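Overview (structure and organization)
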Amino acid sequence: MAYPYRRIVGQKIRAYRKQAGLTQEQLAEKASLSYKYLGEVERGYVNVSLDSLMRIAKALKVRLRDLVRDA
């Protein structure tokens, strides 16, 4: 089950990933995460940790607040 806040954050991650021209696998590798886990984050299925969000933000070269704004 996806929760609204998780889904919003996941959609933002997906949008920034696509804007950067990265696949899920490429972003997951840059963030030292599993691509399966990243897919679940993007779909809003998991409660992503702050540590993972920071790694995703750094890999995307965006600020953490850009990923959680409006969530």
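My aim in this report is to walk through the structure given alongside it, one point at a time.

1. Overview of the overall build of the protein chain
Scanning the protein chain for helices and strands turns up five helices and zero strands. Listed by position from the N terminus, the elements making up the protein chain come as α-α-α-α-α. For 71 residues, the compact-globule formula gives about 11 Å, and the C-alpha radius of gyration of the protein chain, at 10 Å, lands near that figure. Of all 71 residues assigned to the protein chain, the portion counted as buried reaches 39%. Long-range contacts, defined as pairs at least 24 residues apart, comprise 57% of the intrachain contacts of the protein chain with a sequence gap of at least 6. Treating the 15 positive side-chain charges of the protein chain as one cloud and the 7 negative ones as another, the clouds have centres 3 Å apart.

2. Regarding the pattern of salt bridges
Under the counting rule described, the total for this entry stands at five salt bridges. The salt bridge involving E42 is made with R14; its shortest N-O contact spans 3.2 Å. On the criterion of sequence distance, the pair formed by E42 in helix α3 (residues 35-43) and R14 in helix α1 (residues 4-19) is long-range, its members being 28 residues apart. Look at E42 and you get buried, because its relative accessible area is 1%.

3. Section: the nonpolar core
Grouped together as the largest cluster of nonpolar side chains are 18 residues, with contacts concentrated most on I13, L27, L38, L53, I56, L60 and L67. A per-element tally of this core places helix α4 (residues 50-60) first, with five residues. Sequence-distant contacts of L38, that is, excluding residues within four places in its chain, are made with I13, Q24, L27, A28 and I56.

4. Remarks on unusual backbone geometry
Of note, S32 is a non-glycine position whose phi angle comes to about 55°, a positive value. Assignment of secondary structure puts S32 in the loop between α2 (24-30) and α3.

5. Things to note about α1
In a regular helix each residue adds 1.5 Å, so 16 residues correspond to 22 Å; α1 covers 22 Å between its end C-alpha atoms and thus fits that length. Of all the residues in α1, the buried ones are V9, G10, K12, I13 and R17. In an axial view of α1, the angular spread of the buried residues amounts to 160°, which keeps them on one side of the axis. Along α1, the residues that are exposed and aim more than 90 degrees away from the buried face are K18 and Q19. Where α1 is buried, its residues meet α2, α3, α4 and α5 (64-68).

6. A closer look at the environment of A15
Considering the arrangement of structural elements, one finds A15 in helix α1. Taking the C-alpha atoms as reference points, A15 and A57, 42 residues apart in sequence, are found 12 Å from one another.

Criteria and cut-off values
- Each chain has its residues counted from 1, following the order in which its sequence is written.
- Per-residue local features are limited, in this predicted model, to residues with pLDDT of at least 70; the limit for side-chain atom pairs, both in listing and counting, is 80 or more; totals at the level of whole chains, interfaces and linings are taken over all residues.
- For the side-chain quantities, the full set of heavy atoms in the structure was used; hydrogens and water were omitted.
- The numbering of helices and of strands both runs from the N terminus, where a helix is a DSSP run of H or I of at least 4 residues and a strand a run of E of at least 2.
- The reference for a compact globule is 2.2 Å times residues^0.38; the radius of gyration itself is calculated from the C-alpha atoms.
- Relative accessible area decides the class of each residue, using a 1.4 Å probe on protein chains only: under 20% of the type maximum gives buried, over 50% gives exposed, and in between gives partly exposed.
- In what follows, residue pairs with any heavy atoms lying within 4.5 Å of each other are defined as contacts.
- In this tally, Asp and Glu contribute negative charge and Lys and Arg positive charge; neither His nor the terminal groups of the chain are included.
- Charged side chains are reduced to one point each, which is NZ for Lys, CZ for Arg, CG for Asp and CD for Glu.
- Salt bridges are defined by distance alone: a side-chain nitrogen of Lys or Arg within 4 Å of a carboxyl oxygen of Asp or Glu.
- Here, nonpolar core means buried Ala, Val, Leu, Ile, Met, Phe, Trp, Tyr and Cys residues that are tied together by side-chain atoms lying within 4.5 Å of each other.
- Every helix has an expected span of 1.5 Å times one less than the residues it contains.
- In this context, the arc is that of the directions from the helix axis out to the C-beta atoms.

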